[in-house]
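# Structural description and commentary
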Amino acid sequence: MDVTCLDYRLTEAERLQFEQEGYFIVENALPEEKITVLSAAVDRVDAEYRRERGLDAHARINHFDFAGSDEAFIELADWPRTFAKVWEILGWNIQIYHTHVTVTPPEPEDSPRDLQLGWHQDSGRLNFEMEYSPRPRISLKVAYFLTDCSEPGRGNFHIIPGSHIRDTMEFPGDKRSATHENGIPVLAPRGSAVFFDRRLWHSASANFWTEPRRVLFYGYSYRWLRPRDDISVDRFRDNFDAIQHQLFGASTTGGRGYTSPQPEDVPLKAWIEEHAGAEAVAP
């Protein structure tokens, strides 16, 4: 793994914002040349997805398990400018349990100025079946913005800051499509990465700009959580390093390797200890 990731470790300001508000933004997470490559790959995936499902040019897509469709997507799994922040929040026993790419085309010119919100927390049944309150974090997402969403109305990611410690939320008229008095659009520049706690109440929104909004989401969780996707990356596994094998679900000791991992199951732990020091490795 690229040791330059240690140049981009979690700052104290980021840690505090994540704990208090449930998110933070890393600007310039992706260089322009990488954005160009990723955008071309997203456009190809988008065109195939629409063709296979007969979707028109204005339909939003939310394509799960996309990472294995292009090698450029694999590289973001342990991207140097973001990955250290992931393991400093969750620790070393982590995996990628979910990926999805969203493309939000511009609304038709005659479309009403309705944000089309859909407030939710991630992780489905986990939010109904965990007894503890507030429910545990368990996972986070890193969202890479390939389109400039630094102004409202561009299909922005909407959030309610601090709501990650709220198991329930009240919405006007009991409608999760309604705006919320504490909700805000995340103003994420092109090339930025937004980190957010899976418990944060959030929503996509309609795009009233001139360009499609393209965002890549990588969900990181503890390895004992069952993956949300099939993790269809087999055609690239021969080129993985040990840590990428861990991130994409490998276990040398079967099921037990996820709940009681041996050193060979979690090479990230040894890497952190060697390069960042023993104090950086949680028990």
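Scroll up a little and you will see the structure.
A few points on the structure. (Residues numbered from 1 in each chain as written. Predicted model: local features only at pLDDT ≥ 70, side-chain atom pairs only at ≥ 80, totals over all residues. Heavy atoms only, no water.)

### Observations concerning the nonpolar core
Formed by 54 residues in total, the largest nonpolar core has its most connected members in F195 and L216. The contacts of L216, once residues within four sequence positions are left out, are L38, V42, F66, F73, L76, H100, V101, V142, A143, Y144 and L146. Counting residues in each nonpolar core, the second largest holds 13 residues, with I159, A188, F196 and F217 among its members. (Core = buried A, V, L, I, M, F, W, Y, C linked by side-chain atoms within 4.5 Å. Buried < 20%, exposed > 50% of the residue type's maximum accessible area, 1.4 Å probe, protein only. Contact = heavy atoms within 4.5 Å.)

### As for the packing of aromatic side chains
Using the criterion set out here, one finds twelve aromatic pairs in the structure. What links up through ring pairs into an aromatic cluster is the set F66, F73, Y144 and Y218. Of note, R113 hangs over the ring of F208, and the distance from its end group to the ring centre comes to 4.1 Å. The ring of W209 has R154 sitting right over it, with the charged end atom 3.7 Å from the ring centre. (Phe/Tyr/Trp six-rings, centres within 6.5 Å; stacked < 30°, edge-to-face > 60°. Lys NZ or Arg CZ within 6 Å of the ring centre and 35° of its normal.)

### Digging into the sheet that holds strand β6 (residues 184-185)
Taking strand neighbours across the sheet as the criterion, the three strands line up as β6-β5-β8 in an open arrangement whose pairing is antiparallel. Of all strands in the sheet, those bounded by a partner on one side alone are β6 and β8 (202-203). In this sheet, β6 lies alongside strand β5 (residues 158-159) in antiparallel orientation, the contact comprising two bridges. Across the sheet, H158 pairs through a bridge with P185, a residue of β6. (Pairing = 2+ DSSP bridges. Helix = DSSP H or I, 4+ residues; strand = E, 2+ residues; numbered from the N terminus.)

### Describing the sheet that holds strand β9 (residues 213-222)
Pairing is antiparallel in the open sheet, where six strands are placed in the order β1-β7-β4-β9-β3-β2. Only two strands of the sheet have a single neighbouring strand rather than two, namely β1 (23-26) and β2 (61-64). On average, each strand axis in the sheet is tilted by 20° relative to the strand beside it, whichever way the strands run. Two strands pair when backbone bridges link them, and strand β4 (residues 139-145) and strand β7 (residues 193-197) are joined in this way by five bridges, in the antiparallel orientation. The partner of L140 across the bridge, within β7, is D197. Here helix α4 (residues 83-90) sits on the sheet in contact with β1, β3 (94-104), β4, β7 and β9, set at roughly 40° to β9. (Axes fitted to C-alpha atoms, helices over the stretch in contact; angles between N-to-C directions.)

### Some words on the environment of W79
Relative to the elements of secondary structure, W79 occurs in the loop between α3 (71-74) and α4. Residue class for W79 comes out buried when judged on its relative accessible area of 14%. Spatially, the C-alpha atom of W79 lies 7.6 Å from that of C5, the residues being 74 residues apart in sequence. Beyond its immediate chain neighbours, meaning those up to four positions away, W79 contacts A29, L30, P31, K34 and Y144. A polar side-chain atom of W79 sits 2.8 Å from the main-chain carbonyl oxygen of A29. (Polar contact = N/O pair within 3.5 Å; in protein donor to acceptor, adjacent residues only side chain to side chain.)

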